[in-house]
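Fold and contact review
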Amino acid sequence: MSFDDAISALSKDALKFVKNNSVLGLGSGRAATAFVKELGKYIKEKNMTIRAVPTSLQIKLVAEQGGIHIIGADQIDRIDAVFDGADQIDSQGNLIKGGGGALLRENILISSAKHVIIMADSTKFVKHLNRTVPVEVHPFARSTAKKFIEKLGGKPDLRTIDRGYPFITENGNIIYDCDFGTIMVPKSLSQKIKQIPGVVEVGIFTRKPDVIYKAKGNGKFDILA
């Protein structure tokens, strides 16, 4: 089932949350990419001035192609709105993110943003989070962090790329994709994992989005508050 038409439509609708002279956080993934492409055209048509902080090189390149003014996170004193996708969303608005490896930067922006707009297709919505949780770990803690995660009941699997080499984040860290089964209390689990020495970030985001777009297979979408 293709959600491309719905994602294209909701990307256009989400532009209504973009205000002139605002600072935006740009997440990563398919939905965020579609939004950024529309954003580039929109600000040209409306002759708007915005500044944007991308969470990955991939989304930075897309934004630059669209003529969007890119700035670094150290150049801002606020984030007016973040537009991002999600790997999974539960009935309470908790998210699992980090499938693309940008969970640290995404969480930094989402945690500090005035408004958070999440865009995802209907397959990402569940009652309780149950997919693997990305955990970004400093390479020095590769073995020790793995043992602590296992003590918490997780099954960590080192993320790799072609030929079996470890996936390295843009921050120079590794990622364990950890199976915790059904996650009934996301905030508690996230806090426990973050206490492990060497853990840099956890892909459980408990900041509730202000707006959630749900793309449907018929080319339409729902807006959830």
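To be clear, the structure that these remarks concern was listed above.
Residues numbered from 1 in each chain as written. Predicted model: local features only at pLDDT ≥ 70, side-chain atom pairs only at ≥ 80, totals over all residues. Heavy atoms only, no water.

**Some thoughts on the overall build of the protein**
The helix and strand inventory of the protein stands at six helices and 14 strands. The C-alpha radius of gyration computed for the protein amounts to 17 Å, which stays within 12% of the reference 17 Å derived for 225 residues, consistent with globular compactness. In terms of overall dimensions, the protein has a C-alpha envelope of 55 × 35 × 35 Å along the principal axes. Summarising the internal contacts of the protein: among those between residues at least 6 apart in sequence, 74% fall at separations of at least 24. Of the accessible surface of the protein, which amounts to about 11100 Å², a share of 50% is contributed by carbon and sulfur atoms. On the protein, the mean spot of the 32 positive side-chain charges and the mean spot of the 24 negative ones are 3 Å from each other. (Helix = DSSP H or I, 4+ residues; strand = E, 2+ residues; numbered from the N terminus. Rg over C-alpha atoms; globule rule 2.2 N^0.38 Å. Contact = heavy atoms within 4.5 Å. Areas by Shrake-Rupley, 256 points an atom, 1.4 Å probe, with all protein chains shown as cover. Lys, Arg positive; Asp, Glu negative; His and termini not counted. Charge placed at Lys NZ, Arg CZ, Asp CG, Glu CD.)

**With respect to the sheet that holds strand β9 (residues 155–158)**
With respect to topology, four strands assemble into an open sheet ordered β9-β10-β8-β11, the strand pairing being antiparallel. The open sheet terminates on both sides in strands that have one partner only, identified here as β9 and β11 (199–202). Each strand of the sheet is rotated relative to its neighbour by a mean of 30°, with strand direction disregarded. Two strands pair when backbone bridges link them, and strand β8 (residues 133–137) and strand β10 (residues 174–179) are joined in this way by five bridges, in the antiparallel orientation. Among the inter-strand pairings, Val137 is bridged to a residue of β10, identified as Ile174. Against the sheet, helix α5 (residues 142–151) contacts β8, β9 and β10, and its axis sits at roughly 15° relative to β10. (Pairing = 2+ DSSP bridges. Axes fitted to C-alpha atoms, helices over the stretch in contact; angles between N-to-C directions.)

**Details of the packing of helix α1 (residues 4–14) against helix α2 (residues 30–46)**
Put simply, α1 and α2 touch, their axes get as near as 9 Å, and they point 50° apart. As the angle between them shows, α1 and α2 are arranged oblique. Seen from above, α1 lies across α2 with right-handed handedness. Every residue of α2 that contacts α1 at Asp4, Ile7, Ser8, Ser11, Lys12 and Ala14 is listed here: Arg30, Ala31, Ala34, Phe35 and Glu38. Of the residues belonging to the contact of α1 with α2, the class tally is five nonpolar, two polar and four charged. (Parallel < 35°, antiparallel > 145°, perpendicular 65-115°, else oblique. Left-handed = near helix turned anticlockwise from the far one by under 90°. Nonpolar A, V, L, I, M, F, W, Y, C, P; charged D, E, K, R; others polar.)

**A look at the sheet that holds strand β12 (residues 204–205)**
Strands belonging to one sheet form pairs held by backbone hydrogen bonds; the direction of such a pair is parallel or antiparallel. Strand order in this open sheet of three strands is β5-β6-β12, and the pairing throughout is antiparallel. Strand pairing shows two members of the sheet lacking a second neighbour, β5 (88–89) and β12, which therefore form its edges. Bridge count for β5 against strand β6 (residues 95–96) is two bridges, and the pairing is antiparallel. In the sheet register, Ile89 faces β6, and the bridge partner there is Leu95.

**What about the environment of Ile174?**
Residue position: Ile174 is located in strand β10. When its relative accessible area of 5% is taken as the criterion, Ile174 is described as buried. In sequence terms Ile174 and Asn130 are 44 residues apart; their C-alpha atoms lie 22 Å from each other. Ignoring sequence-local partners within four residues, the contact set of Ile174 consists of Val135, Glu136, Val137, Arg142, Leu158, Phe167 and Ile168. (Buried < 20%, exposed > 50% of the residue type's maximum accessible area, 1.4 Å probe, protein only.)

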